[in-house]
Amino acid sequence: MTSGGRSADEPRQELVGARMRQFRKERGMTLRGLSAGSGLSIGFLSQVERGISTIGLVALNSVAAALDRGVAEFFDDSPGHQPGRDTERLPEHFTLTRAQTAATEYVSGAQTYRMLSSRGPSLVLEPLLVHIAPGGRREPAYGHSGEEFAYVLSGELLYEVDGVEHRLHPGDSVHLRSTVPHSMYNDTDEVTTVVSVVTPRLF
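So, here is what we can say about the structure in this document. (Residues numbered from 1 in each chain as written. Predicted model: local features only at pLDDT ≥ 70, side-chain atom pairs only at ≥ 80, totals over all residues. Heavy atoms only, no water.)

## What about the sheet that holds strand β8 (residues 182-185)?
Right, so step 1: Taken together, 3 strands build an open sheet; the order of strands is β6-β5-β8 and the sheet is antiparallel. Edge strands, defined here as strands with exactly one partner in the open sheet, are β6 (164-168) and β8. On average, adjacent strands in this sheet sit at an angle of 20 degrees to one another, irrespective of strand direction.
Right, so step 2: Pairing geometry for strand β5 (residues 157-161) and β6, over 5 bridges, is antiparallel. From the neighbouring strand, L157 faces β6, where its bridge partner is L168. (Pairing = 2+ DSSP bridges. Helix = DSSP H or I, 4+ residues; strand = E, 2+ residues; numbered from the N terminus. Axes fitted to C-alpha atoms, helices over the stretch in contact; angles between N-to-C directions.)

## Observations concerning the side chain of E49
Right, so step 1: Within the secondary structure, E49 sits in helix α3 (residues 42-49).
Right, so step 2: Given the relative accessible area of 5%, E49 is considered buried.
Right, so step 3: In this structure the side chain of E49 is engaged in a polar contact, spanning 2.7 Å, whose partner is the side chain of R24. (Buried < 20%, exposed > 50% of the residue type's maximum accessible area, 1.4 Å probe, protein only. Polar contact = N/O pair within 3.5 Å; in protein donor to acceptor, adjacent residues only side chain to side chain.)

## Description of the packing of aromatic side chains
Right, so step 1: Counted under the stated rule, the structure contains 1 aromatic pair.
Right, so step 2: Measuring from ring centre to ring centre gives 5.1 Å for F23 and F74, while their planes differ by 85 degrees; the resulting arrangement is edge-to-face. With F23 in helix α1 (residues 10-26) and F74 in the loop between α4 (57-66) and β1 (105-108), the pair connects residues that are 51 residues apart, well separated along the chain. The pair F23 / F74 is uniform in exposure class, with both members buried.
Right, so step 3: Across the ring face of F23, the terminal group of R69 is positioned such that the distance to the ring centre comes to 4.0 Å. (Phe/Tyr/Trp six-rings, centres within 6.5 Å; stacked < 30°, edge-to-face > 60°. Lys NZ or Arg CZ within 6 Å of the ring centre and 35° of its normal.)

Structure, rendered in structure tokens:
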């Protein structure tokens, strides 16, 4: 995001917040109820709904679960935003994603997520290529179920785990139980690219 201007991703950021508010109201749920169900603060959720703050994909997954919705429902309904599909028929315990196949991407605030594998009903890992734009608002640290792994390909990443900040450079990685409060932030002037693997799957 550039200082003093609107980022190209802001319309999508506002869409996510608007969908969150819509789904919450459809369930007759208050922000307090959504906060209790997602583990995120009322103030932060309110800012996301109003398009003031952005929300990462993993945090959005906690919101989606609390609202009994799929993560993909918070994004554009166009074909380019549908979960990845295999072009070859493969058994449920195995997927093959070709480099030439158009990968599904989701933009949530300063982060762009490129899905690195297609869906497999028996598979639990969610491998992602994440591009984190510099600046933007920092998400509060929080915990959720599962495990999380991040490997920095380029740029720098400030990764907070249980209240302690760690600066990651290319080749550095972090692996944690996601129940420990954590967050990541790019405080540099360049885009940071990370290979991330999380459980459970987000889509």
